[in-house]
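So you can see what is in the structure, the chains are spelled out below.
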Amino acid sequence: MVETQVLIVGAGPVGLTLALDLGQRGVRCVLIERNEKSIQLPKMERCNARTMEIYRRLGVAEKIRDAGLPRSAPMDVFLASSMAAPALAHLACPSVAEAKAEIAAHNDGRPLEPYQLISQYTLEPLLRSFVEALPSVTVLFGCEFETFLQDSDSVTTHVRPGKGADATIRASYLVGCDGGSSAVRKQLGIPLQGEGNIRKLRQALFHCPELYERVPMGKGRHYHIAEGPLFPFIILQDSTRHWTLHAAASSDAEMAEIFRRSLGMPLEFEMLSVNEWTQHLLCAERYGEGRVFIAGDATHLVIPTGGLGMNTGVGDAIDLSWKLAATLAGWGGPQLLASYEKERRPIGLRNVKASRAAMSGRLSWRAAYHPDIGENTPEGAAIRAEMARRFNIEQRKVTEILGIEAGYRYVNSPIVWNESGEGPDPESPQYVPSTWPGARLPHVWLDRPVADNASVSPGIPDSSQTPDTFHGSPTEHYRTALHDCLGSGYTLLRLGGTRADTANLERAIRATGAPLDVLDVADQSAREIYGCDLLLVRPDLHVVWRGSQIKDDAEAIAAIATGRIAASDAAATSSD
Ligand SMILES: Cc1cc2nc3c(=O)[nH]c(=O)nc-3n(C[C@H](O)[C@H](O)[C@H](O)COP(=O)(O)OP(=O)(O)OC[C@H]3O[C@@H](n4cnc5c(N)ncnc54)[C@H](O)[C@@H]3O)c2cc1C
């Protein structure tokens, strides 16, 4: 029998990200995957800004960018009658290099990293290579989860063994990252709620090496073809020589015909694969039970419009990982693991809703279609203008949702201080930087290095990326991202030269055994953006508590932060 601390089922992007974070925290894990190889089919292609921030903390963001779409490639979105036609509508979206330059040029709390286009078939083997390099993680491909039995101490799992694997694995915790048909979720008897089986589509992968350089309307990532009722949708893949086509075709062979028609110009291509996939808008009723958790597509299934599938799952993994590590290390209180579902399920539900909104926006501009759209008549021109007008408004529900991607906040979490008042809208598609407890700490550039207070040294997670040298920045200016100065435990930030006495809070947190760094950040920009003198930040960079002084709350803040008591059981008031 194999013994480990965490058994992860499924080496999709979510299981791999969980293994990467747990492995970097030194937790012993076994990651099993029923397939012999990583995914071969294209699925997701865009890591969003928050996912790239997470990968930066894991030290792999630039490696992912190196493997993905070149940094200078435009990310524009077009609507046209074919790839050879002029654009009916065009949403300009910055390349990674342009977006990085913008981030470097502003210090207003916007996310530290922009998106990255990388095909899932490129991302998965890359993540796997990072995970396999970690001494505490064992990766077993060709090993299928079958059943588990849990008791108060452990979970014993029977697997169909691959070469060299045992048939039984005993772990302290089991996490099912085993996708939409999750056998782990099914064994837990957790139903999915929402709308299932909305629509079936086919997705085909094409090798069409000349297309990228030949599209007259311009280079971009998404091309919507204004041809009802199928509305073929062509997506650039990371090599720039591969493309996917999505359409509700009636046969595989029809996909090649639709692609040929959509090209509108004579180009050589080869259809490499076709698969069917189904649109769902579902969220699991619960995110686990006892020592067994589920994450990623096992918990939520969205329509990929808006790119909230894998990206939401990566958020699940990062929320769960440090809580597992803390509990296994002995300092995490019972509320830590209990908070996983309380924090992440509302985000799953919210992102299902955002995905629905993105999809309905798409349906709205498609509804403007009329077969006369191509006619050289006033009627034809009016149809084109109306579709373009709607596209210009509605398609932004897909491309401009940074608030959904990076602005999520854990409302009513048991491990976040219950600050009185309303707090910013946690569902806004616009990103508004906030340090309201539960929010992700906004990014800030620092002109001066942080002072490491007390005897604790700040753990800087990725030395290869610290400090940031602003790839593509128009300026030679050299600054540090505050995120890069935060270690893998809790951080107490003392901002703007505050003289507040924080010794009692530091003592209270350290007494639990939790790792704590105390950083004095004299830089005024951080004080201005964060709007407070003191901030307690969790290992996943979400804010636990903020204030300008610590009165009698030190014990309560420490107990809530480390999951010893639930925030609802403490006084609902800030320290000020
Ligand atoms: C066409 C399309 C486009 C998409 N575009 C995007 C996008 O741009 N951005 C985005 O964020 N998301 C996108 N998505 C969604 C994204 O692909 C999924 O959300 C993502 O793959 C979920 O990752 P996961 O690791 O949770 O699950 P999966 O990727 O499904 O991985 C689950 C893994 O578990 C393994 N497994 C299953 N059962 C067992 C078992 N019993 N034992 C062992 N292993 C098992 C599977 O083989 C698989 O490798 C898209 C999806 C589709 C279909």
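Scroll up to find the structure.
All figures in this text were calculated on a predicted structure; none of them were measured in a lab.

Draft legend 1. Focus on the nonpolar core. Grouped together as the largest cluster of nonpolar side chains are 76 residues, with contacts concentrated most on Ile32, Tyr55 and Ile64. A per-element tally of this core places helix α9 (residues 310-329) first, with 7 residues. Core analysis: the next-biggest nonpolar cluster, separate from the first, contains 46 residues, Ala89, Leu91, Phe231 and Ala249 among them.

Draft legend 2. Representation of the packing of helix α10 (residues 334-366) against helix α11 (residues 378-394) within the structure. In the contact formed by α10 and α11, the axes pass within 8 Å of each other and the chain directions differ by 170 degrees. Between α10 and α11, the angle falls in the class roughly antiparallel. Contacts from Gly361, Ser364, Trp365 and Arg366 in α10 reach Met387, Arg390, Phe391 and Glu394 in α11. When the residues that make up the contact of α10 with α11 are grouped by side-chain class, the tally is 3 nonpolar, 2 polar and 3 charged.

Draft legend 3. Inspection of the site of the ligand at higher detail. In the vicinity of the ligand there are 29 residues, among which Glu33, Gln120, Phe145, Asp297 and Met310 approach most closely. Within the contact set of the ligand, an oxygen atom lies 2.7 Å away from a side-chain nitrogen or oxygen of Asp297. A distance of 3.3 Å separates an oxygen atom of the ligand from a polar atom in the backbone of Gly309. When isolated, the ligand has an accessible area of 990 Å², and the protein chains bury 90% of it. Put simply, the parts of the chain that give the shell around the ligand at least two residues each are α1 (13-24), β8 (144-150) and α9.

Draft legend 4. The environment of Glu528, seen in detail. Structurally, the position occupied by Glu528 is in helix α15 (residues 524-530). Placed 32 residues apart in sequence, Glu528 and Gly496 show a C-alpha to C-alpha distance of 8.4 Å.

Draft legend 5. Region of interest: the packing of aromatic side chains. Counted according to the given criterion, the structure contains 16 aromatic pairs. Ring geometry for Phe78 and Tyr223: centres 5.1 Å apart, planes at 10 degrees, overall stacked. Of the two residues, Phe78 is situated in strand β4 (residues 77-80) and Tyr223 in strand β12 (residues 222-225); the sequence distance between them amounts to 145 residues. Of the two residues, Phe78 and Tyr223, neither departs from the other in class, the shared state being buried. Among the aromatic side chains, those forming a connected cluster through ring pairs are Phe78, Tyr212, Tyr223 and Trp243. Here the guanidinium or amino end of Lys219 rests over the ring plane of Tyr212, the centre of that ring lying 5.2 Å away. One cation-aromatic arrangement involves Arg362 over Phe233; the distance from NZ or CZ to the ring centre is 4.6 Å.

Draft legend 6. Main features of unusual backbone geometry. Looking along the chain, the bond that leaves Gly228 and enters Pro229 is cis, with omega of 0 degrees. Even without being glycine, Asn197 reaches a positive phi, approximately 50 degrees. Tracing the chain through its elements places Asn197 in strand β11 (residues 192-207). The backbone of Phe231 shows a phi angle near 45 degrees, a positive value even though the residue is not glycine.

Draft legend 7. How the structure looks around the packing of helix α14 (residues 503-511) against helix α16 (residues 554-561). One can describe the packing of α14 onto α16 by two numbers: an axis separation of 8 Å at closest approach and a directional angle of 40 degrees. Considering how the two elements wind past one another, α14 and α16 form a crossing that is right-handed. Where α14 abuts α16, its residues Asn504, Leu505, Ala508 and Ile509 lie against Ala554, Glu555, Ile557 and Ala558. When grouped by side-chain class, the residues that make up the contact of α14 with α16 number 6 nonpolar, 1 polar and 1 charged.

Parameters at a glance
- Numbers given to residues run from 1 along each chain, matching the order in which its sequence is written.
- This being a predicted model, a pLDDT of at least 70 is required before a residue's local features are given, and a value of 80 or more before pairs of side-chain atoms are given or counted; all residues contribute to the totals for chains, interfaces and linings.
- Side-chain numbers come from the whole structure's heavy atoms, not from hydrogens or water.
- Take the buried residues of types Ala, Val, Leu, Ile, Met, Phe, Trp, Tyr and Cys, join any two whose side-chain atoms come within 4.5 Å, and each joined set is a nonpolar core.
- Whether a residue is buried, partly exposed or exposed follows from its accessible area with a 1.4 Å probe, protein chains only, as a fraction of its type maximum: under 20%, in between, or over 50%, in that order.
- Here a strand is any run of E in DSSP of at least two residues, a helix any run of H or I of at least four, and the numbering for each starts at the N terminus.
- To define axes, lines are fitted to C-alpha atoms, for helices over the stretch in contact only, and angles between the resulting N-to-C directions are given on a 0 to 180 degree scale.
- For classification, angles of less than 35 degrees are called roughly parallel, those exceeding 145 degrees roughly antiparallel, those between 65 and 115 degrees roughly perpendicular, and all remaining angles oblique.
- Should any heavy atoms of two residues lie within 4.5 Å, those residues are considered in contact.
- Each residue gets one of three labels, nonpolar for Ala, Val, Leu, Ile, Met, Phe, Trp, Tyr, Cys and Pro, charged for Asp, Glu, Lys and Arg, and polar for the others, Gly among them.
- Only heavy atoms are used to decide nearness, and a residue is near a molecule or strand if one of them lies within 4 Å of it.
- In protein, a polar contact means a hydrogen-donor-capable atom and an acceptor-capable atom, both N or O and within 3.5 Å, with residues adjacent in sequence counting only if both atoms are side-chain atoms; elsewhere, any N or O pair within 3.5 Å suffices.
- Note that accessible areas follow from Shrake-Rupley with a 1.4 Å probe, and for residues the cover is restricted to the protein chains shown.
- Here the aromatic set is Phe, Tyr and Trp, taking the six-membered ring for Trp, and pairing holds for ring centres within 6.5 Å; pairs whose planes are under 30 degrees apart are stacked, those over 60 apart are edge-to-face, and all others are tilted.
- Here, a charge over a ring means that NZ of Lys or CZ of Arg falls within 6 Å of the ring centre while also lying within 35 degrees of the ring normal.
- For any helix crossing, the convention is left-handed if the near helix is rotated counterclockwise from the far helix by under a right angle, and right-handed if that rotation is clockwise.

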